[in-house]
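Examining the three-dimensional arrangement
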Amino acid sequence: MIAGRRIVLGVSGSIAAFKGVALASQLVKAGASVDVVMTPSARRFIAPLSFRAITGRPVLTELWDEESSDAIGHVALGRAADLIVIAPATAATIARLAHGMADDALGATVLASSAPLLIAPAMEPHMWAAAATVENVTILRRRGAIVMEPGEGRLASGQIGRGRLPEPEEIVDAIAREFEREQDLMGRHVVVTAGGTREAIDPVRFIGNRSSGKMGVAVAEQARRRGARVTLIHGPLQVALPAGVEAVAVESTREMEEAIHSAVRTASALVMAAAPADFRPSAIAGQKIKRRASVTLDLVPNPDILARLADWRGIKVGFAAETDDVIENARAKVTAKRVDLIVANDVSEEGSGFGTDTNRVTFVFPDGRVESRPLQTKSAVADDILDLIVGLLALKEVVQPSST
Ligand code: CTP
């Protein structure tokens, strides 16, 4: 729902700036309150008055606006926004945002805001394809911004290629989708696990694994953004904890299992992105083991947390990090662990797996269905998983109305 939302529309200097006016008009008609922020070069293409006339609100054009006392400052604007959309976004604006430049009103507004950011690029095809732009877009997407694909066709300059600003209707649709997603886990409790566990050998050493926690943190972050109450049960992480989630730090697999058991009581879904150690030393040495010719560790198996939750009625999502026979192994895990979905990935493939910001995953369902996804950021993978969970929860309510 766009009605009642506060949207900041950033306009940068492109011949397509006039389409920004059409976009502002459609958003106002849909019931949003729209604050426009223009870069200095946008003003060479279009007058701030055009936006003011349509939105009925002051237009922010300067970082230090001494003349218009009715303009709200960039910090307040950024903070109050439910969403920031930049249309058109030039290559220069994309570069400035990717690098956190805050020396104009638009850069400062975006930097001061934690609202979702939607970017609708418009530029010459060779600028869109330039290595610098490709990297800047990757940086923004990795941070969670939605960067739309520009359209293909004839540009104002006469060039033909990819670089046209998406049509205002498409941008309005993308905004509406973003708001819908934001709402769809409202009132739900989602438990997410992230990172590897550590099994103590002696007071200073442990058995661990390469899990960075990025995938689980991305799921927790997106679930929170979509309105869920999130409990994030995690081992040591190589990334910062997301804001607004209940974080429970654990060390060993058995500690993780205990924390999960108590958290899932009120939850509708569990996403097991953690890599719990499968084995632990049968005994933990009380003192540091001294250097000697050889040391033998006797390992005993840890509980399979997911498999032991077979009777829990919420939606269960497991991961399968594999190095070979990915689909076959994932299918075996769907059955053995009795989960609703296995997110499988080949960790030996470039761009996938431990420590990366991207993942190419395949969804494997209990009925044998397999769905391959392209290489995406972990945030985008997280959103895909959450879309499936939302669908499964809705289905469950139809089939068993009192089961959640
Ligand atoms: N998992 C779990 N408890 C464990 C180990 C793993 O619940 N002790 C979960 C993981 O969080 C993941 C899924 O099970 O969601 C699959 O993990 P994976 O390590 O691939 O599976 P294993 O059963 O340990 O199989 P493998 O022999 O391939 O290691």
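Residues numbered from 1 in each chain as written. Predicted model: local features only at pLDDT ≥ 70, side-chain atom pairs only at ≥ 80, totals over all residues. Heavy atoms only, no water.

1. With respect to the site of the ligand
Of all residues adjacent to the ligand, which total 14 residues, the nearest are Ala274, Asp278, Phe319, Lys333 and Lys337. Between the ligand and the protein, one listed contact pairs an oxygen atom with a backbone N or O atom of Phe319 at 2.8 Å. Notes on the ligand: free accessible area 570 Å², of which the protein chains cover 75%. Taken atom by atom, the bulk of the ligand overlaps the second largest pocket. At the level of secondary structure, the elements contributing two or more residues to the shell around the ligand comprise β16 (315-322) and α11 (326-337). A breakdown of the residues in the shell around the ligand according to their chemical character gives nine nonpolar, one polar and four charged. (Near = heavy atom within 4 Å. Polar contact = N/O pair within 3.5 Å; in protein donor to acceptor, adjacent residues only side chain to side chain. Areas by Shrake-Rupley, 256 points an atom, 1.4 Å probe, with all protein chains shown as cover. 1 Å grid on protein atoms, 1.4 Å probe; cavity = no way out; pocket = protein on both sides within 12 Å on 5 of 7 lines; lining within 4 Å. Sits in = over half its atoms within 2 Å of the grid points. Helix = DSSP H or I, 4+ residues; strand = E, 2+ residues; numbered from the N terminus. Nonpolar A, V, L, I, M, F, W, Y, C, P; charged D, E, K, R; others polar.)

2. Notes on the side chain of Thr109
Relative to the assigned elements, Thr109 resides in helix α5 (residues 105-111). Polar side-chain contacts of Thr109 include one of 2.5 Å to the backbone oxygen of Ala105. When neighbours within four sequence positions are excluded, Thr109 is seen to be in contact with Val8, Val37, Leu60, His74, Leu77, Gly78 and Ile84. (Contact = heavy atoms within 4.5 Å.)

3. Let's talk about empty space enclosed by the protein
Enumeration over the complete set of coordinates arrives at two cavities of 30 Å³ or more. Surrounding the second largest cavity, Thr39, Thr93, Arg96, Leu97, Asp104, Leu106 and Gly107 form its lining. Residue assignment for the lining of the second largest cavity shows that the elements contributing at least two residues are α4 (91-98) and α5. For the lining of the second largest cavity, the residue count by class is two nonpolar, three polar and two charged. (Points joined across faces, edges and corners; volume = space filled by probe spheres on them.)

4. Concerning the domain arrangement of the protein
In terms of domains, the protein is made up of domain 1 (6-181) and domain 2 (189-396). The gap between the C-alpha centroids of domain 1 and domain 2 is 37 Å. Every contact between the two is made by four residues of domain 1 and, on the other side, eight residues of domain 2. Counting across the interface, domain 1 meets domain 2 through one salt bridge. Ionic pairing is found between Glu178 and Arg225, a salt bridge with its closest N-O pair at 2.5 Å. Where domain 1 packs against domain 2, one counts one residue pair in polar contact (both at pLDDT 80 or more). If you list the elements that add at least two residues to the side of domain 1 that touches domain 2, you get α7 (131-142) and α8 (168-183). A per-class count over the side of domain 1 that touches domain 2 returns no nonpolar, no polar and four charged. (Domains from an automatic or database assignment. Salt bridge = Lys/Arg side-chain N within 4 Å of Asp/Glu carboxyl O.)

5. With respect to the layout of surface pockets
For the second largest pocket, the calculated volume is near 850 Å³. Lining the second largest pocket we find 41 residues, and of these Ala274, Ala275, Pro276, Phe319 and Ala321 sit closest to its centre. When residues of the lining of the second largest pocket are traced back to their parent elements, those giving at least two are α9 (214-225), β16, α11 and β17 (341-346). Looking at the lining of the second largest pocket element by element, the count peaks at four residues for β16. Per-class residue counts for the lining of the second largest pocket are 20 nonpolar, 14 polar and seven charged.

6. With respect to the sheet that holds β16
With respect to topology, eight strands assemble into an open sheet ordered β12-β11-β8-β13-β16-β17-β19-β20, the strand pairing being mixed. Among the strands making up the open sheet, the edge pair consists of β12 (246-249) and β20 (370-372). For this sheet the average axis-to-axis angle between neighbouring strands, irrespective of direction, equals 15°. Bridge analysis of strand β13 (residues 269-272) against β16 gives four bridges, and the strand direction is parallel. In the strand pairing of β16, Leu270 is matched with Lys316. Sheet strands in contact with α11 are β16, β17, β19 (361-364) and β20, and its direction is about 155° off that of β17. (Pairing = 2+ DSSP bridges. Axes fitted to C-alpha atoms, helices over the stretch in contact; angles between N-to-C directions.)

7. A few points about the sheet that holds strand β5 (residues 146-147)
The strand order across the open sheet formed by five strands is β2-β1-β3-β4-β5, and the pairing between neighbours is parallel. The open sheet has two free edges, formed respectively by β2 (33-38) and β5, since each of these has just one partner strand. Contacting β1 (6-11), β2 and β3 (83-89), helix α1 (residues 17-29) crosses the sheet at an angle of about 170° to β1. Strand contacts of α8: β1, β3, β4 (117-121) and β5, with the helix running at about 160° to β3, the strand carrying the most contacts.

8. Here's the deal with the packing of α1 against α8
Between α1 and α8, whose axes approach to 9 Å, the crossing angle comes to 45°. Between α1 and α8, the interaxial angle falls into the category oblique. Taken as a pair, α1 and α8 cross one another with a handedness that is right-handed. Between α1, through Lys19, Ala22, Leu23, Gln26 and Leu27, and α8, the contact on the second element is made entirely by Pro168, Glu169, Ile171, Val172 and Ile175. Along the lines of polarity and charge, the residues of the contact of α1 with α8 split into seven nonpolar, one polar and two charged. (Parallel < 35°, antiparallel > 145°, perpendicular 65-115°, else oblique. Left-handed = near helix turned anticlockwise from the far one by under 90°.)

9. Some remarks on the environment of Ile284
Locating Ile284 in the fold gives a position in the loop between β14 (279-281) and β15 (299-301). In this structure, the C-alpha to C-alpha distance between Ile284 and Pro203, residues 81 residues apart in sequence, is 8.0 Å. Those residues within four positions of Ile284 in sequence are excluded, and the remaining contacts are Ala200, Ile201 and Asp202.

10. What about the pattern of salt bridges?
It is possible for side chains of opposite charge to pair when their charged atoms get near one another. Evaluation of the coordinates by the stated rule reveals 24 salt bridges. Linking Arg6 and Asp35 is a salt bridge whose minimum nitrogen-to-oxygen distance equals 3.3 Å. Here Arg6 is found in strand β1, whereas its partner Asp35 is found in strand β2, with 29 residues between them in sequence. Between Asp383 and Arg226 there is a salt bridge whose closest N-O contact spans 2.7 Å.

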